[in-house]
Each structure stands twice: as structure tokens, then as C-alpha cells.
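Commentary on secondary and tertiary structure
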Amino acid sequence: MTLPPMSKSAALMSTALALAEQTPRSSKRLLIVVLAAGESKRFEGVKLAQLIPSLSVTETREQAIICTHVELLQQLHCQDLDLERQDTHSPQHLPLLVILGAHQHVLQPLLAELHSRQPFDILINPHWHTGLASSVSLAASYAKEQGFDAMLLTLADQVALSADDYRQLILTWHETGKDVAAHYLDDLGVPAIFNASTLPLFTHLSGDRGAKSILKQQAQQGALVAITLPRAAIDIDTQADLASWLALKE
């Protein structure tokens, strides 16, 4: 049986559908957010300016906690994560946003060299004194206004996490299309990735309430995938925490 020739409009429609099917989900845009606006009151000093051994594989050196964190995230490339198909052979870096607040005048100059090498956006949270929620809400508003499909929330003082830990989070998000959170100490927490559809929930946060309540809500609704990241349990809150971490690094 011979089929009738396809009309021009039908052929165009067929081509469009074929192209749509070939378009990878990897075209979704992910924003990485570094939350670094806190006062670090328990630390009794500018915590994120403290020096720790660099995670660089090319040299041994020390640099500020915030610089070590940002440099680690700058290593994440779209090609490495299969998030984009580019014709160019040069690495396409994932967009990065750093939110500063209480110690902006100390921390922003420390980031100057990293920024000159690979530019990223910096926002100053004028309401940092009201708690973590103001920074999280600011990040969510920025991601929504800029049209990102999701944002990855990170804390600059989670010093033990590796680039592979973040890659695992991103790839899980890429494969499942759901929100993704780290699981450690028998609980959900950051780093975590939130889809654009989840971002409006952040407008209801206040005080020191971070993303944990939203993570639990999403998990209960089956809209979140948890992955085990035991290194996320290590963060720096006090001088004693820093001393213990440095002792482990020796």
C-alpha cells in the first residue's frame, strides 16, 4: 500500500517534532548560589576569611574559606556534567552567584582574583541581620527573575565537600528532574537543588529558617530525591570546629 505524499505543513510539523525530541533536557539552566552573608557570631570573627589548605591539585597553598569554596564550584563545567551540548571545545562554566552581607567589606576583596579569572555575580543582602531566610529568599528571587530552571544552594562553610559531591547532586537533578538534597546525620539538608516551580515557597521563610522545611515538604510530596553526602555534615561554626578540621587535614 502506497502512502500519499506528505503535505508541506505536515512535513514541517514532523521536522519540528523530531528536533524537539532531539533537544536534550540539558538545555535547562542551573544557577549555583553561595550563601555567605552571615555574621558568624559563634565564630567570634570573620569565619569565611580564615585560611585553610587549598583543595587545588596543582599546588599546595592556603586561602580563605570562601575563596576555596568558590574556586571549587568554578571547576564545575557544563560539558563535564553533560548539561549542555556545545559546538565549542572551551569549557562552559555554570553560572555562579555569591550572596554577601555582614562581612562584605572583608570578603568581597578576597574574591577579586577569582572574579577576574572567571566572572560571577555578587549580591549584597542588606537584611542579613534578620537571618538566613533573607539570603535564601534573595537567591530564589534572583534565580526566578533571571529565568533559571533551578538553583543549587551551597554554604561556604561546608569545607569537606568535593567537586564530585556537587556533580553527584547536579547529575541526579539532571536525570530525575526533581529537587535534590543531601542526606546526612539522618536528615535532609544543603547543598540542595530546587526547581523553578519550588522557588515561590521561599518567599514565606523568615528568620533563621533555611531551606530545611521546604526540603521536607518536597520529600513528603514525592518531589525530591535525597542522596547520601556524609561530608556535608562537616561545617565550621566555631573556632574549635576550625581547629578540628585543620587537624584532620594535617
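Residues numbered from 1 in each chain as written. Predicted model: local features only at pLDDT ≥ 70, side-chain atom pairs only at ≥ 80, totals over all residues. Heavy atoms only, no water.

A word on the overall build of the protein chain. What the protein chain contains, in helices and strands, is nine helices and nine strands. In the protein chain, which comprises 250 residues, the share counted as buried stands at 43%. For the protein chain, long-range pairs separated by at least 24 residues make up 69% of all intrachain contacts whose partners lie at least 6 apart in sequence. Accessible surface for the protein chain amounts to roughly 13,200 Å². Of this, 53% is attributable to carbon and sulfur atoms. (Helix = DSSP H or I, 4+ residues; strand = E, 2+ residues; numbered from the N terminus. Buried < 20%, exposed > 50% of the residue type's maximum accessible area, 1.4 Å probe, protein only. Contact = heavy atoms within 4.5 Å. Areas by Shrake-Rupley, 256 points an atom, 1.4 Å probe, with all protein chains shown as cover.)

When we look at burial in helix α8 (residues 212-220), the residues that qualify are I214, L215 and Q218. Buried residues of α8, viewed axially, fall in a sector of 105°; they line one side. (Arc of directions from axis to C-beta.)

Turning our eyes to something else, we now look at helix α6 (residues 132-145). Spanning 14 residues, α6 covers 20 Å between terminal C-alpha atoms, matching the ideal 20 Å at 1.5 Å per step. All of the buried residues in α6 are A133, S134, S135, V136, S137, A139, A140, Y142 and A143. As for α6, its buried residues are in contact with β1 (30-36), β4 (96-100), β5 (121-124) and β6 (150-155). A positive backbone phi angle near 75° is found at G147, which sits one or two residues after α6. (Expected span 1.5 Å × (residues − 1).)

Grouped together as the largest cluster of nonpolar side chains are 47 residues, with contacts concentrated most on I66, V70, L76, L111 and I170. Secondary structure elements with two or more residues in this core: β1, α2 (65-74), α3 (78-81), β4, β6, α7 (163-176), β7 (179-184) and α9 (239-249). Looking at which element gives the most residues to this core, the answer is α2, with six residues. L31, A133, F202 and L205 belong to the second-largest nonpolar core, a separate cluster that totals 27 residues. (Core = buried A, V, L, I, M, F, W, Y, C linked by side-chain atoms within 4.5 Å.)

Moving on: the packing of aromatic side chains. Going through the model one piece at a time under the given rule, you end up with one aromatic pair. The side chain of K28 reaches across the aromatic face of W173, ending 4.4 Å from its centre. The cationic tip of R29 hangs over the ring face of F148; the distance from NZ or CZ to the ring centre is 4.1 Å. (Phe/Tyr/Trp six-rings, centres within 6.5 Å; stacked < 30°, edge-to-face > 60°. Lys NZ or Arg CZ within 6 Å of the ring centre and 35° of its normal.)

Here the structure, examined in full by the defined rule, presents eight salt bridges. Linking D187 and K212 is a salt bridge whose minimum nitrogen-to-oxygen distance equals 3.5 Å. In this pair, D187 sits in strand β8 (residues 187-195) while K212 sits in helix α8, placing the two residues 25 residues apart along the sequence. The exposure class of D187 is partly exposed, given its relative accessible area of 24%. Each member of the salt-bridge network shares a partner with another, and the members are R61, E71, E113 and R117. (Salt bridge = Lys/Arg side-chain N within 4 Å of Asp/Glu carboxyl O.)

Moving on: the pairing of β4. Consecutive side chains of a regular strand alternate in pointing toward one face of the sheet and then the other. In terms of burial, β4 is a largely internal element, five of the five residues being buried. Side chains L96, V98 and L100 of β4 all project onto a buried face; the interleaved residues L97 and I99 project onto the opposite face, where all are buried too. The pairing of β1 with β4 spans five bridges and is classified as parallel. Along β4, the bridge assignment pairs V34 with V98. Across four bridges, β4 lies against β5 in parallel orientation. Paired with V98 across the bridge in β5 is I122. (Pairing = 2+ DSSP bridges.)

This brings us to the side chain of T154. One can find T154 in strand β6. Once residues lying within four places of it in the same chain are set aside, the contact partners of T154 are I32, V33, V34, L35, H69, L73 and Y166.

So, about the environment of W128. Relative to the assigned elements, W128 resides in the loop between β5 and α6. Along the chain, W128 and A102 lie 26 residues apart, while their C-alpha atoms are 6.4 Å from each other. Setting aside anything within four residues of it in sequence, one finds W128 in contact with A37, E39, G101, A102 and S134.

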